[in-house]
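Residues per chain, in single letters:
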Amino acid sequence: MIEARDVTLSFGETPALRGATLTVAEGEILAVMGPSGSGKSTLLHCLAGILVPDTGEIHFAGQRIDTLDEGARSALRRDRFGFVFQFGQLVPELTAVENVALPLLLAGTRRRTAVAEAASWFARLDLDGLQGRRSGELSGGQAQRVALARGLVAKPRVLFADEPTGSLDSLTGEHVMDLLVGAAREQGTTVVVVTHEARVAAYADREVIVRDGTVTTAVLA
Ligand code: ADP
Ligand code: ADP
């Protein structure tokens, strides 16, 4: 489904990736682990077409994507990928349901349809009654579930999650992961989740470890 082939990327003098190779199968839930600063986020940003490698290749669904121009990569992210980050990054001026509807509106869905589709996620993610709240009025766990709904609402082929539970206590984090994995499996979404928490990685089908900018495979015990 998505693949990095011998990818290198440096920020100025700082090498972040040094020959990273990784294949993620369709429908797979993959955890990317490793120490802080090892290159996990950079790898995720390359797979998602946010960053372009210095050398190497990124392939998605049989197509090479690192050579596409910014406009084409941006369209690919909008149409095929969903994102969840550590700090929900909800738009504070919008209500929770408007935040979830955003990817649909950006894809050209009519407002009424988009809001109805967004609202249907609230019951699925234990967010009943919170549609009208603004992000400042949500708890951390609620905000992350709203961010998760936003990441999944457009039925992406791949969901990229970067420390999606990193700002939460472990019980709340497990609840978010439980819902993330359940919803992804239900709609067949491939998931790449960056985490440094073994409890979060335990939800994945497979885990890999990034060390000094390269990927090491690890088999789940
Ligand atoms: P991880 O996600 O494993 O913590 P990152 O991919 O964020 O690691 O970072 C890998 C290395 O690249 C680190 O040394 C980090 O400081 C550096 N780095 C990441 N992003 C940038 C950036 N935008 N500018 C400069 N250096 C960066
Ligand atoms: P993570 O470990 O999840 O990458 P960080 O706190 O390392 O989280 O990075 C947060 C953001 O800052 C990322 O977008 C990353 O690209 C950027 N970043 C990381 N390290 C540096 C750096 N040394 N200089 C500039 N930007 C950085």
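- Named according to an unreviewed UniProt entry, the protein is ABC transporter ATP-binding protein originating from Asanoa siamensis.

**Description of the site of ligand 1**
Logical step 1: Ligand 1 sits among Phe11, Thr14, Ala16, Pro35, Ser36, Gly37, Ser38, Gly39, Lys40, Ser41 and Thr42.
Logical step 2: Contacts to ligand 1 include Lys40, whose side-chain N or O atom sits 2.8 Å from an oxygen atom.
Logical step 3: One nitrogen or oxygen atom from the main chain of Ser41 is found 2.8 Å from an oxygen atom belonging to ligand 1.
Logical step 4: Counting residues per element, the ones that place at least two in the shell around ligand 1 are strand S2 (14-24) and helix H1 (40-47).
Logical step 5: Considering each element in turn, the shell around ligand 1 owes the most residues, 3 residues, to H1.
Logical step 6: Of the residues that constitute the shell around ligand 1, the class distribution is 3 nonpolar, 7 polar and 1 charged.

**Looking at the packing of helix H3 (residues 96-106) against helix H4 (residues 111-124)**
Logical step 1: Across the interface, H3 lies against H4 with an axial gap of 8 Å and an inter-helix angle of 125 degrees. Taken together, the axes of H3 and H4 lie oblique to each other. Of the two elements, H3 crosses H4, and the hand of that crossing is right-handed. Side by side, H3 and H4 meet where Ala96, Val97, Glu98, Val100, Ala101, Leu104 and Leu105 of the first sit next to Arg111, Ala114, Val115, Glu117, Ala118, Ala119 and Phe122 of the second.

**Observations concerning the nonpolar core**
Logical step 1: Formed by 39 residues in total, the largest nonpolar core has its most connected members in Leu148 and Leu180.
Logical step 2: Taken together, the elements giving at least two residues each to this core come down to strand S3 (29-33), H3, H4, helix H5 (140-152), strand S7 (158-162), helix H6 (170-187), strand S8 (190-194) and helix H7 (198-201).
Logical step 3: Setting aside its immediate chain neighbours within four residues, Leu180 contacts Leu148, Leu159, Ala161 and Val191.
Logical step 4: Grouped together as the second largest cluster of nonpolar side chains are 29 residues, Ala4, Leu47, Ile65 and Phe81 included.

**Quick word on the side chain of Thr189**
Logical step 1: If you trace the backbone, Thr189 turns up in the loop between H6 and S8.
Logical step 2: A polar contact is formed between the side chain of Thr189 and the backbone oxygen of Pro156, at a distance of 3.2 Å.
Logical step 3: Among all residues touching Thr189, those that are not within four sequence positions of it are Gly27, Leu152, Pro156, Arg157, Val158, Leu159 and Ala184.

**What to know about the pairing of strand S1 (residues 2-11)**
Logical step 1: Bridge count for S1 against S2 is 8 bridges, and the pairing is antiparallel. Paired with Ala4 across the two strands is Leu22, which belongs to S2.
Logical step 2: Between S1 and S2, which pair antiparallel and follow one another directly, the connecting turn spans 2 residues, one of which, Gly12, has a positive phi of 60 degrees.
Logical step 3: Sheet topology note: the S1/strand S4 (residues 55-60) ladder contains 5 bridges and is antiparallel. Each bridged residue has a counterpart across the sheet, and for Glu3 the counterpart in S4 is His59.

**A closer look at H5**
Logical step 1: Helix length check: H5, at 13 residues, gives a terminal C-alpha distance of 18 Å against a target of 18 Å (1.5 Å per residue), a fit within 8%.
Logical step 2: Of all 13 residues in H5, 11 are buried, a share of seventy percent or more.
Logical step 3: When H5 is considered as a whole, its buried residues turn out to be Gly141, Ala143, Gln144, Arg145, Val146, Ala147, Leu148, Ala149, Arg150, Gly151 and Leu152.
Logical step 4: Considering only its buried residues, H5 is in contact with strand S6 (81-84), H3, H4, S7 and H6.

The rules behind each value
Residues numbered from 1 in each chain as written. Chains lettered and ligands numbered in written order. Predicted model: local features only at pLDDT ≥ 70, side-chain atom pairs only at ≥ 80, totals over all residues. Heavy atoms only, no water. Near = heavy atom within 4 Å. Polar contact = N/O pair within 3.5 Å; in protein donor to acceptor, adjacent residues only side chain to side chain. Helix = DSSP H or I, 4+ residues; strand = E, 2+ residues; numbered from the N terminus. Nonpolar A, V, L, I, M, F, W, Y, C, P; charged D, E, K, R; others polar. Axes fitted to C-alpha atoms, helices over the stretch in contact; angles between N-to-C directions. Parallel < 35°, antiparallel > 145°, perpendicular 65-115°, else oblique. Left-handed = near helix turned anticlockwise from the far one by under 90°. Contact = heavy atoms within 4.5 Å. Core = buried A, V, L, I, M, F, W, Y, C linked by side-chain atoms within 4.5 Å. Buried < 20%, exposed > 50% of the residue type's maximum accessible area, 1.4 Å probe, protein only. Pairing = 2+ DSSP bridges. Expected span 1.5 Å × (residues − 1).

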